[in-house]
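Structure assessment
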Amino acid sequence: LEVDYQDTSTDFWNIVNETQPIAIITFSRGFIDHSWELEFNFYNRTNWYADYLAPLLPTPNPPDEGVENYFERNSTLPMDEIEDAVEEAGLGLNAYIDWQGDPGHFVSEFMGYHGVWYRDINQQSENICHIAGHVHVGGLVDWDIAREATHITIRKVLDQLDQFDYILG
């Protein structure tokens with residue numbers, strides 16, 4: 001995926017339309033630190049920061065024409081459980097939930113919005129998406145630590161999914 005609004009949106013919709021996920025976790029780089037920041041709020045903005053390729057802002061803007069400007073969508077990740085598990089793993093990460101903050105006005109928030117948007121519009125469909133949310137990974141987190149924290153995050157999402165779906169087998 002490229003740091004470009006149009007490419008991100010096109011790639012996202014192609015992937016979810018093909019896979020019809022029951023859960024989505026999006027990731028992007030966050031602050032230049034050792035954080036594992038679980039974002040709660042995402043907005044259908046018109047005031048995005050420019051990306052690097054023309055057109056520099058989302059098209060359409062705001063991206064979600066089905067709701068009003070600045071409509072808020074929220075993460076449904078099991079954030080408390082993820083935060084606790086990442087902290088307890090002793091990875092040296094500062095795991096926290098950003099309940100009130102600003103997820104960035106940039107392509108990372110845009111990606112996070114897409115995930116929770118997809119979840120919200122697929123609540124009444126045949127292929128329900130139960131969980132969606134976004135993690136900002138600190139820019140000083142190395143690959144091995146990020147991989148381990150990602151596995152922990154996925155495990156907590158799978159644990160929550162077990163409460164929704166029972167598959168005979």
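Overview of the structure. (Residues numbered from 1 in each chain as written. Predicted model: local features only at pLDDT ≥ 70, side-chain atom pairs only at ≥ 80, totals over all residues. Heavy atoms only, no water.)

Quick notes on the sheet that holds strand E6 (residues 131–137)
Rule in force here: Strands are labelled as partners when DSSP assigns at least two bridges between them. Secondary structure elements follow DSSP: runs of H or I of four or more residues count as helices, runs of E of two or more count as strands, with numbering from the N terminus. Every axis in this analysis is a line fitted to C-alpha atoms, fitted for helices over the stretch in contact. Angles between the N-to-C directions lie between 0 and 180 degrees.
The mixed open sheet is built from four strands, whose spatial order is E1-E6-E2-E5. Looking at strand neighbours, the two that pair on one side only are strand E1 (23–29) and strand E5 (94–98), the edges of this open sheet. For this sheet, the mean angle separating the axes of adjacent strands, direction not counted, is 20°. Sheet topology note: the strand E2 (residues 35–39)/E5 ladder contains five bridges and is parallel.

Concerning the pattern of salt bridges
Going by this rule: Each salt bridge in this description consists of a side-chain nitrogen of Lys or Arg and a carboxyl oxygen of Asp or Glu lying within 4 Å of one another. The classification of residues rests on relative accessible area computed with a 1.4 Å probe and restricted to protein chains. Under 20% of the type maximum is buried, over 50% is exposed, and intermediate values are partly exposed.
What the rule picks out here adds up to seven salt bridges. Ionic pairing is found between Arg-119 and Asp-120, a salt bridge with its closest N-O pair at 3.0 Å. Residue Arg-119 is classed as buried on the basis of its relative accessible area, which comes to 15%. By relative accessible area, Asp-120 is classed as partly exposed at 26%. Notably, a salt bridge pairs Arg-147 with Asp-144, separated by 2.9 Å at the nearest N-O pair. Note that Arg-147 and Asp-144 are positioned in helix H4 (residues 143–161) at a spacing of three residues, about one turn of the helix. A relative accessible area of 56% places Asp-144 in the exposed class. Beyond isolated ion pairs, a larger network of salt bridges with shared partners links Asp-64, Arg-73, Arg-119 and Asp-120.

A word on the nonpolar core
Selection criterion: Buried Ala, Val, Leu, Ile, Met, Phe, Trp, Tyr and Cys residues that are joined via side-chain atoms within 4.5 Å together make up what is termed a nonpolar core. Residues are treated as being in contact if the distance between any of their heavy atoms lies within 4.5 Å.
Trp-36, Leu-38, Leu-77, Ile-82, Val-86 and Leu-93 are the most contacted members of the largest nonpolar core, which totals 20 residues. Looking at this core element by element, the count peaks at five residues for H4. Leaving out residues up to four positions away in the same chain, Val-86 has contacts with Trp-36, Leu-91, Leu-93, Ala-95, Ala-149, Ile-152 and Thr-153. The next biggest cluster of nonpolar side chains, apart from the first, holds 13 residues, and it includes Ile-24, Tyr-113, Val-116 and Tyr-118.

So, the packing of helix H1 (residues 5–19) against helix H3 (residues 107–121)
Here is the rule: Angle categories: roughly parallel below 35 degrees, roughly antiparallel above 145, roughly perpendicular from 65 to 115, and oblique for all the rest. Crossing handedness: left-handed means the near helix sits turned counterclockwise from the far one by under a right angle, and right-handed means the same turn made clockwise.
In the contact formed by H1 and H3, the axes pass within 10 Å of each other and the chain directions differ by 30°. Of the possible angle classes, the one that applies to H1 and H3 is roughly parallel. The two elements H1 and H3 meet at a crossing, and its hand is right-handed. Residues Tyr-5, Thr-8, Ser-9, Phe-12, Trp-13 and Val-16 of H1 form the contact with H3, whose participating residues are Val-107, Phe-110, Met-111, His-114, Gly-115, Trp-117, Tyr-118 and Ile-121.

A short note on a negative patch on the surface
What counts here: Patch criteria: residues need more than 30% relative accessible area and no salt bridge. Like-charged residues are merged within 9 Å; nonpolar side chains of Val, Leu, Ile, Met, Phe, Trp and Tyr are merged within 5 Å. Areas reported as accessible are Shrake-Rupley estimates using a 1.4 Å probe. Residue values count occlusion only from the protein chains shown. His residues and chain termini do not enter the charge count, which takes Lys and Arg as positive and Asp and Glu as negative. For this purpose, a charge sits on NZ of Lys, CZ of Arg, CG of Asp or CD of Glu.
On the surface, Asp-80, Glu-81, Asp-84, Glu-87 and Glu-88 cluster together to form a negatively charged patch. Structurally, Glu-88 is set in helix H2 (residues 79–88). When its relative accessible area of 67% is taken as the criterion, Glu-88 is described as exposed.

Focus on the side chain of Asp-51
Structurally, the position occupied by Asp-51 is in the loop between strand E3 (41–43) and strand E4 (72–74). The side chain of Asp-51 is buried and forms no salt bridge, while Arg-45, the nearest opposite charge, is found at 14 Å. Ignoring any residue separated from it by four or fewer positions in sequence, one finds Asp-51 in contact with Val-3, Asp-4, Tyr-5, Gln-6, Leu-56, Phe-106 and Val-107.

Some remarks on the environment of His-134
Note that His-134 resides in strand E6. Taking relative accessible area as the criterion, His-134 reaches 0% and is therefore assigned buried. Taking C-alpha positions, His-134 is 14 Å from Ile-152, a pair spaced 18 residues apart along the chain. With near-sequence residues (within four places) excluded, His-134 lies in contact with Thr-26, Phe-27, Ser-28, Glu-37, Leu-38, Glu-39, Phe-42, Leu-77, Ser-108 and Gly-112.

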